[in-house]
Amino acid sequence: MKSLSITFLVFLGFTIGVSKDAVAQHVFTVNSTGDLGDHDLNDGVAGTGQLLPNGQSEVTLRAAIEQGNFQYQLYLGEEVRIEFDLPGSAPYRIRPQSALPPIFRSEISVHGATQPGFQGVPVVEIDGVDLMLGGMDGLVLSRGEIHDLAVYRFSGSGIVISYGSSAKVRGCYVGVNGAFDAGIGNGEHGIHVRHAGTSNRIERCVVGQNAGDGIACDLDYDFASRTLTVYGNTIGTDPANNLDLGNAGTGIHLRGICRQTNCVFNLVCNNGGDGIRVAQDGFRFAPRETVIRDNIIGLDGLGLTKMPNTGHGIHLQNTSGVEVEACKIGGNEGAGIYVTGSESRFTYVFENSIGSHYDPELGVMLDLGNGGDGVLIDEAFSAVTSTVAEVGQSLVPEGQGYRAVFGNEICGNAGDGVRVTGGLPGGVAIRGNDIGFSGVPDKAAGNRGTGIFLTDQCVGATIQGNWVCNSQESGLKIYGADNLVESNLIGVARNRLGNLVIQGNRDYGVHLTGRYNDVGGPADGLGNFITGNRQGVVISGAAARQNLLSHNRIGVDEAGDLLTPRQVYGVLITGDATLNRVLSSTIRGQIGPGIAVRGDASKRNSVFRSNVAGNGGLDIDLGAAGVNANDVGDGDTGANELQNSPEITEVMGLGNGDLEVSYCVDADPTAVAYPIWVEVYFDDGSEKRYVKRAVFLESDFTAGEASTTIFNGVARLGESVVVATATDADRNTSEFSIGN
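Once a new chain begins, its residue numbering starts again from 1 and follows that chain's sequence as written. Thresholds applied to this predicted model are a pLDDT of at least 70 for local features of residues and 80 or more for the giving and counting of side-chain atom pairs; totals over whole chains, interfaces and linings are not thresholded and use all residues. Computation of side-chain values covers all heavy atoms of the structure but excludes hydrogens and water.

An unreviewed UniProt entry lists the protein under the name Right handed beta helix domain-containing protein, from Stieleria marina.

A few words now on the overall build of the protein. Broken down by element type, the protein carries 2 helices and 66 strands. Only protein chains enter the area calculation, which uses a 1.4 Å probe; residues under 20% of their type maximum are buried, those over 50% are exposed, and those in between are partly exposed. Looking at the protein residue by residue over its 740 residues, the buried ones come to 60%. We call two residues contacting when some pair of their heavy atoms lies within 4.5 Å. Long-range pairs, those at least 24 residues apart, make up 73% of the contacts in the protein between residues at least 6 apart in sequence. Accessible areas in this description were obtained via Shrake-Rupley with a 1.4 Å probe; residue shielding takes into account the shown protein chains only. For the protein, the exposed surface amounts to about 27,000 Å²; the carbon and sulfur share of it is 50%. In this text, helices come from DSSP runs of H or I with a minimum length of four residues, and strands from runs of E with a minimum of two, each type numbered from the N-terminal end.

Sheets are built from strands that pair by backbone hydrogen bonding, the pairs being arranged parallel or antiparallel. Any two strands with at least two DSSP bridges between them are considered paired. Taken in spatial order, the 3 strands make up an open sheet running β61-β62-β65, and their pairing is antiparallel. The strands lining the two open edges of the sheet, one partner per strand, are β61 (647-653) and β65 (707-711). Strand-to-strand twist in this sheet, taken as the mean axis angle between neighbours without regard to direction, amounts to 20°. Summarising the sheet, strand β62 (residues 659-664) and β65 pair through 5 bridges and their orientation is antiparallel. By the bridge assignment, E660 is partnered in β65 with I710. Only the stretch in contact is used when a helix axis is fitted, and all axes are lines through C-alpha atoms; the angle between N-to-C directions ranges over 0 to 180 degrees.

What follows deals with unusual backbone geometry. Cis rather than trans, the peptide bond between T564 and P565 has omega equal to 5°. Tracing the backbone through its elements, the reader meets P565 in the loop between β53 (553-554) and β54 (571-574). Cis peptide bonds are those with omega within 30 degrees of zero, and the linkage from Y674 to P675 qualifies with 0°. Even without glycine at this site, R204 takes up a positive phi of about 55°.

One ladder, built from 5 bridges, connects strand β23 (residues 288-293) with strand β26 (residues 320-325); its direction is parallel. What sits directly across from R288, in β26, is S320. Bridging between β26 and strand β29 (residues 345-350) involves 5 bridges; their strand directions are parallel. By the bridge assignment for β29, E325 is matched with F350.

What the 3 strands build is an open sheet, ordered β64-β63-β66; its pairing is antiparallel. On the outer flanks of this sheet lie β64 (688-696) and β66 (721-727), each paired with one strand and no other. Strand-to-strand twist of the sheet, defined as the mean angle between neighbouring strand axes without regard to direction, takes the value 25°. Where strand β63 (residues 676-683) and β66 come together, 7 bridges link them in antiparallel fashion. Bridging across to β66, V680 finds its partner in A724.

Throughout this description, the term nonpolar core refers to a set of buried Ala, Val, Leu, Ile, Met, Phe, Trp, Tyr and Cys residues connected via side-chain atoms within 4.5 Å. Ranked by internal contacts, the top residues of the largest apolar core, which has 106 residues, are L149, I159 and I292. The next biggest cluster of nonpolar side chains, apart from the first, holds 21 residues, and it includes V651, V661, F696 and V714.

Once that is clear, we can look at the confidence of the model for the protein. The predictor attaches a confidence to each residue, called pLDDT, with possible values from 0 through 100. Overall, the prediction assigns the protein a mean pLDDT of 88, with 89% of residues at 70 or greater. Here residues 380-388 is modelled with pLDDT under 50, and outside its nearest four sequence neighbours on either side it reaches 42 contacts, counting other chains as well. Contacts of residues 393-402 to residues separated by more than four positions or lying in other chains number 36 contacts, the stretch itself having pLDDT below 50.

Stacked, edge-to-face and tilted labels apply to pairs of Phe, Tyr and Trp rings (six-membered ring for Trp) whose centres lie within 6.5 Å, assigned for plane angles under 30 degrees, over 60, and everything in between, in that order. Tallied over the entire structure, the rule returns 8 aromatic pairs. With a centroid separation of 5.7 Å and an interplanar angle of 55°, the aromatic rings of F437 and W467 are classed as tilted. Residue F437 is located in the loop between β39 (434-435) and β40 (452-454), and its partner W467 is located in strand β42 (residues 467-468); the two are separated by 30 residues in the primary sequence. The exposure class of F437 is buried, given its relative accessible area of 0%. Exposure remark for W467: the relative accessible area of 22% places this residue in the partly exposed category. A cation sits over an aromatic face here: R201 above Y231, 5.5 Å from the ring centre. If you follow R693 out to its NZ or CZ, it ends over the ring of F608, 4.5 Å from the centre. By definition, being over a ring means that NZ of Lys or CZ of Arg is both within 6 Å of the ring centre and within 35 degrees of the ring normal.

Structure below.
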């Protein structure tokens with residue numbers, strides 16, 4: 001007789017029996033690896049009409065699926081469960097001779113774990129070896145569930161979810177079997193979600209050796225997938241992480257109008273393309289609202305060893321609303337995370353480990369860097385669509401197309417830590433990241449390029465609250481315009497006690513070649529700490545105009561104590577750079593000058609209210625190294641027009657806490673633009689304290705007498721001398737004067 005059982009599931013509170021709330025469950029038990037179909041769909045039981053040697057009616061997988069699909073039409077809403085009790089020993093291999101019927105109802109489920117002898121690894125295998133031509137898929141479902149089967153060697157994809165919703169694939173081995181035999185991958189993708197609807201789920205599968213992607217989802221506009229979940233899968237290796245079972249394409253590939261997709265807790269490695277790719281890829285619309293969280297990409301399951309994907313770890317192209325969170329991304333041959341496409345918007349990258357990191361249990365720095373940049377945001381400037389990315393910790397910002405990178409550890413990558421090559425104004429934020437610093441000062445893992453690199457097409461980015469250390473090149477390169485660099489530690493970091501420790505970048509701390517960039521903020525506490533690098537801040541090139549350095553601390557900690565090793569220059573302005581300003585900053589303890597302006601065409605650069613003192617060279621040095629003697633009338637030219645410094649003729653305490661300072665500036669009005677601002681400082685050799693600013697007028701010069709200014713409520717500090725700078729109306733600041 002045929003194998004059929006019917007049970008009734010009764011809600012609590014009802015008497016045992018059938019009621020309107022009971023759900024009938026039909027169980028068909030597959031007892032043959034044969035491939036015959038059901039002989040009578042109208043009899044309500046699965047069977048081929050043949051008898052097995054033991055006298056039982058033969059039930060094949062094909063017959064069970066056919067009868068299950070038909071049962072739904074007869075008994076609307078009743079569940080059909082397909083189980084296995086195959087004779088012989090594992091593995092139990094079913095070899096279809098034609099395409100298996102698709103499962104098209106959500107009430108049908110197939111359970112390979114019911115086969116006696118199952119111990120967590122599929123023992124029931126669907127082998128497509130006899131269907132190697134014609135792009136034949138293995139198991140196809142529009143709804144329903146498939147659990148714990150191995151599906152391999154089909155010329156098409158192993159498992160396909162097509163034109164349906166609420167489908168689930170769980171615990172399956174796709175392209176591999178329990179013995180992990182080589183060369184049995186499917187001819188296209190492992191699992192393919194194709195034109196499907198809502199609430200589909202792929203979880204805890206092992207997917208490898210397929211000729212296409214491991215898991216692929218591609219959808220057109222008419223079948224927009226929503227709430228696809230890809231959870232806890234192993235893609236490209238075995239569960240023990242001993243074998244290279246990489247798929248030829250991408251590990252997880254989402255393309256077309258996928259919406260509300262969650263890729264969570266997957267291990268994705270050894271694949272021939274990207275680890276995870278979310279992209280428009282030729283479809284009319286791009287994926288939206290994707291969460292990529294807690295995945296391990298390019299590494300083994302413990303995150304200790306490289307198992308690289310050939311492409312990027314995560315590749316986002318023309319996406320919207322993507323969050324990449326708490327992933328370990330290392331060892332990939334391309335970038336850790338690559339964001340591209342002029343339609344990309346609202347991308348957030350936060351709390352990931354990208355590249356190398358320190359393992360406290362092993363006590364070693366793990367060399368897990370990606371072969372490209374840690375994070376690469378790469379797209380041409382577009383005036384139509386926003387191009388934003390955020391990297392680090394952040395409030396969710398407003399504005400069209402925002403992208404953010406925040407709170408990540410980005411270390412040991414072969415390129416830059418973060419590289420941005422384009423974006424609309426206000427489009428990129430890089431906040432609160434540890435770039436080149438793993439948390440342990442003597443276990444540094446700098447990126448081999450620059451810590452953060454904004455190219456000349458990046459406009460209006462925010463770089464805030466990062467630790468940028470140990471780069472083989474510069475800490476920051478800012479080649480674009482209107483960018484904000486605020487509250488960062490550059491060349492220094494904090495140890496576990498909260499103290500600043502030197503973690504210098506090999507070249508410059510900050511390199512500016514663009515214009516209108518703000519390095520520092522409008523108040524104390526918003527500036528940057530910059531020290532331990534070969535140079536502090538370098539502003540170079542004719543395009544480097546109107547940059548502002550404000551409230552930065554270069555060479556010192558919060559208390560003003562010197563930090564070593566020292567930099568050659570605190571600030572170097574060179575190569576025709578003009579109209580740059582240093583404001584309210586502390587620059588002390590450099591090997592050479594505190595601030596140097598080099599090059600005859602580097603002009604109109606100003607310094608105001610800054611503590612520039614105790615440096616190995618001049619505190620402000622114009623042109624060739626060393627003091628520039630004032631010339632008569634200041635008609636000479638060169639760096640900052642070699643602006644003459646003030647001559648302080650007399651300093652007198654008035655006894656009531658006021659200070660009288662007499663000074664003059666040798667500046668012929670035909671050579672120098674008036675008025676001239678004279679800033680007065682107390683200088684004790686290691687500190688300069690700004691006193692106040694006075695104005696030296698053209699009439700003062702014409703009178704030929706020293707100008708006298710009384711500074712109220714200002715008392716000379718100890719043995720300090722009074723020094724001053726002069727800045728003309730064109731904003732050329734002089735060297736400091738000789739003290740009095």
